[in-house]
Structure formats: C-alpha cells, structure tokens
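The lines below spell out each chain.
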Amino acid sequence: MMSAVLSRIPTRSRVVDWSTVAAKIRLMGAREIADRLNVSRLRAQQIIHKRGFPEPYAVLAMGSVWAATDVEEWIKVHRPHLAEEAGKPEAP
C-alpha cells in the first residue's frame, strides 16, 4: 500500500523535495470517499469510522485524508463490485 511510496522517500542524509513526494500521493477526503462508494457523506462517515477501514494518511484541521491506494485496496476487499466498476469506461 503506502509502504511502496514511503520506501522511495529519501533518508535524512539526503535533501527531500517534498513537492515531488506529495505529487505522487493521491489523497481522498470523506467527500471523495463518499463519491467513490456512491453513498451519502453521512454513510461515508460511518464507514470511515468502522474497524477495518484504513487509518487516515493525515489528520488536518479540515479533517482526515486517506491515501487513495489504501481506500482502493479496502474497496477491492469490502466492495468488490465497485472495484470492478472502476476499470470500466463511463457510459455516455
């Protein structure tokens, strides 16, 4: 999951260009998760707080954010029909 991205982050002995690192990490807030799951924001909040949902990537003043890769992995296990739909082109 995120370990693949984090393993590529340079160690302290090197200079880190965080703008490059941040550009490679796609984040999702509660609203994006609700949209991805095709549920209301209230239902998304219930899902987000259930045991087994990925831990937030960061907790900000505006709320928590999750790594999209972690959310997609969760979807593959818990909502496989949505994981399959993600690869299909949208209808016109």
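Up top is the structure these notes are about.
Residues numbered from 1 in each chain as written. Predicted model: local features only at pLDDT ≥ 70, side-chain atom pairs only at ≥ 80, totals over all residues. Heavy atoms only, no water.

**Some remarks on the packing of aromatic side chains**
So, point 1. Scanning the model with the defined rule gives 2 aromatic pairs in all.
So, point 2. Ring geometry for Phe53 versus Trp66: centroids 6.0 Å apart, planes at 75°, classification edge-to-face. One end of the pair, Phe53, is in the loop between helix H4 (41-48) and strand E2 (58-60); the other, Trp66, is in strand E3 (residues 63-67), and 13 residues separate them in sequence. The same class applies to Phe53 as to Trp66, namely buried.
So, point 3. Ring pairs connect the aromatic residues Phe53, Trp66 and Trp74, which therefore count as one cluster. (Phe/Tyr/Trp six-rings, centres within 6.5 Å; stacked < 30°, edge-to-face > 60°. Helix = DSSP H or I, 4+ residues; strand = E, 2+ residues; numbered from the N terminus. Buried < 20%, exposed > 50% of the residue type's maximum accessible area, 1.4 Å probe, protein only.)

**Re the side chain of Arg36**
So, point 1. By secondary structure assignment, the location of Arg36 is in helix H3 (residues 30-37).
So, point 2. Judged by relative accessible area, Arg36 falls into the buried class, the value being 17%.
So, point 3. At 2.8 Å, the side chain of Arg36 and the side chain of Glu72 are in polar contact.
So, point 4. Of note is the side chain of Arg36, whose polar atom sits 3.3 Å from the backbone oxygen of Leu82. (Polar contact = N/O pair within 3.5 Å; in protein donor to acceptor, adjacent residues only side chain to side chain.)

**Topic: the nonpolar core**
So, point 1. One finds Met28, Ile33, Leu37, Ile47, Ile48, Phe53, Trp66, Ala68, Val71, Trp74, Ile75 and Leu82 forming the largest nonpolar core, which totals 12 residues.
So, point 2. Counting residues per element, the ones that place at least two in this core are H3, H4 and helix H5 (68-78).
So, point 3. For this core, the element with the highest residue contribution is H5, accounting for 4 residues.
So, point 4. Not counting residues within four places of it along the chain, the set of residues in contact with Ile47 comprises Leu37, Phe53, Trp74 and Arg79. (Core = buried A, V, L, I, M, F, W, Y, C linked by side-chain atoms within 4.5 Å. Contact = heavy atoms within 4.5 Å.)

**Structural notes on the pattern of salt bridges**
So, point 1. Within the structure shown, the criterion is met by 3 salt bridges.
So, point 2. With a closest N to O distance of 2.8 Å, Arg36 and Glu72 form a salt bridge. With a gap of 36 residues between them, Arg36 in helix H3 and Glu72 in helix H5 connect regions that are remote in the sequence.
So, point 3. The salt bridge involving Glu73 is made with Lys76; its shortest N-O contact spans 3.3 Å. With Glu73 and Lys76 both in helix H5 and 3 residues apart, this pair spans about one turn of that helix.
So, point 4. Exposure remark for Glu73: the relative accessible area of 34% places this residue in the partly exposed category. (Salt bridge = Lys/Arg side-chain N within 4 Å of Asp/Glu carboxyl O.)

**Structural notes on the pairing of E3**
So, point 1. In this sheet, E3 lies alongside strand E1 (residues 27-28) in antiparallel orientation, the contact comprising 2 bridges. By the bridge assignment for E3, Met28 is matched with Trp66.
So, point 2. Taken together, the 3 bridges between E2 and E3 define a ladder with antiparallel strand orientation. Bridge pairing links Ala58 to Val65 in E3.
So, point 3. Where E2 folds back on E3, the antiparallel hairpin that results is connected by 2 residues. (Pairing = 2+ DSSP bridges.)

The quantities given are spatial measurements derived from coordinates; they are silent on function.
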